[in-house]
Amino acid sequence: MTSPRTRPALAILALWISGFLVIPPISRAAELKATHVFLVTTDGLRWQEVFQGAEERLMNKTNGGVKDVDGLRARFWRNTPEERRAALFPFLWGTVAKQGQIFGNSNRGSVVRVTNGRNFSYPGYSEFLTGAADSNIISNAKIPNPNTNVFEWLNTRSRFQGRVSAIVNWDTIAWILNAGRSRIPVWTGLLLPKDAPFPPAIPAWIETAQAGVTPIWGDLILDTFTSHAALQHVRNARPRAAYFAFGETDEWAHEGRYDLYLASAFNVDRFLGQLWDLLQSLAEYRDRTALVITTDHGRGAGLTSWRDHGAKTEESGAVWVGVIGPDTPGLGERASIPELTQGQVAATLAALVGEDFTRASPRSAGPIRDVLGR
Ligand SMILES: [Zn+2]
């Protein structure tokens, strides 16, 4: 109980504290080591594989369309979930889990939730790039996104202007980023929206090789081209903020090929390792770069529903996020923490380099505080 005599003093104290707290903080950027930030996504990769590795009941012909069961088991089957996930994602579990943080293991009380309620691609990319779900986005049609994304906003900040880019493998992402308006240089290997700028330092051979590949899906290119384009672009154009997107994981799952789904997931992890090694080998990036890794949606958890995702597949609304960087405490795999949302990725990307995206875009969810080092 508080006595009536002490109330005025407490009120003054409270006012003083609140007054103190509302003084806007001096730029966070000065306190942070990170000056560069990258986002890497792979479409529709389940949290189940990220945290438990390959799933045994899908490693066969009947449920997983696997062509070489013994070969697949030799590559990715191990006796414990910890060994399995390390075999599938050596960089994620060998480096990010030691130096950074990984969220989304629903089995251990860490959930990252998609809030758009649709659990398919355009709404998901829009949610993590703009910080909020948009209920008007109801298809994957190539419609310019009316919402401002975090890379577009970073490109208006003096430190980042002209140093922002996107190298992605699905043509629609250029519309999700609204490259015609946002002026973010974007490479998809395919047709771009009108007025979209083209990023520098994409080697001509990649375009030539890509053009000669037998088309499998039409609107997206094979991940290997995106990966080479991204690494060359970093080496030669030196972006300060960049987005790299992969998509074979989703496509092979839809095709019912668990073997190729796992193989493409492994390749994304390999790209992450190559990217991280490259960044640590260049003085501009070494110990000054934060990396965020996530996905646009999950997938079903059943013997056939693992192939699909969407509003009717509730489990596909659970995703995962990994963060590594010089200011992120190495807390590893997170457990027993409050639920996070997909939209928090946008503000987290900005906050990792000391920028406040939610102030510019109040609809956006706030950053994931635990990765910011205080
Ligand atoms: Zn899909």
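Refer to the preceding data block for the structure.
Residues numbered from 1 in each chain as written. Predicted model: local features only at pLDDT ≥ 70, side-chain atom pairs only at ≥ 80, totals over all residues.

Participant: Now, about the overall build of the protein: what can you tell me, with residues and values included?
Facilitator: When helices and strands are counted, the protein shows 16 helices and eleven strands. Here the C-alpha atoms of the protein give a radius of gyration of 21 Å, agreeing with the 21 Å that 2.2 N^0.38 yields for 374 residues. Each of the three principal axes of the protein carries a C-alpha extent, and together these read 80 × 45 × 45 Å. Every one of the 374 residues in the protein was classed for burial, and the buried ones make up 52%. Taking as baseline every contact in the protein between residues at least 6 positions apart, the subset at least 24 positions apart corresponds to 68%. (Helix = DSSP H or I, 4+ residues; strand = E, 2+ residues; numbered from the N terminus. Rg over C-alpha atoms; globule rule 2.2 N^0.38 Å. Buried ≥ 20, exposed ≤ 12 C-beta atoms within 10 Å, placed from the backbone. Contact = placed C-beta atoms within 7 Å.)

Participant: How would you summarise the sheet that holds strand S4 (residues 164-168) if you had to cite specific residues and measurements?
Facilitator: Read from one edge to the other, the open sheet built from eight strands follows the order S5-S4-S6-S1-S7-S9-S2-S10, with strand pairing classed as mixed. Edge positions in the open sheet fall to strand S5 (186-187) and strand S10 (332-333), since each of these has one partner strand only. Where strand S7 (residues 289-294) lies against strand S9 (residues 321-324), four bridges are found, and the strand directions are antiparallel. Opposite Ile293, over in S9, you have Gly322 as the bridge partner. Contacts from helix H12 (residues 223-237) reach S4, S5 and strand S6 (241-246) within the one sheet, and its direction differs from that of S4 by about 160 degrees. Together, strand S1 (36-42), S7 and S9 form the strand contacts of helix H15 (residues 344-351), whose direction differs from that of S7 by roughly 170 degrees. (Pairing = 2+ DSSP bridges. Axes fitted to C-alpha atoms, helices over the stretch in contact; angles between N-to-C directions.)

Participant: Explain the sheet that holds strand S8 (residues 318-319) to me, and be specific about the residues and the numbers.
Facilitator: With respect to topology, three strands assemble into an open sheet ordered S8-S3-S11, the strand pairing being mixed. The open sheet has two edge strands with one neighbour each: S8 and strand S11 (340-341). Here strand S3 (residues 112-113) pairs with S8 via two bridges, running antiparallel. Bridged to Arg113 within S8 is Ala318.

Participant: Any chance you could break down helix H7 (residues 121-130) for me, citing the residues and the numbers?
Facilitator: In terms of burial, H7 is a largely internal element, ten of the ten residues being buried. Among all positions in H7, only Ser121, Tyr122, Pro123, Gly124, Tyr125, Ser126, Glu127, Phe128, Leu129 and Thr130 are buried. The inward-facing, buried residues of H7 contact helix H8 (150-154), helix H9 (173-176), S7 and H15. Of the residues trailing H7, Gly131 is marked for its positive phi of about 90 degrees.

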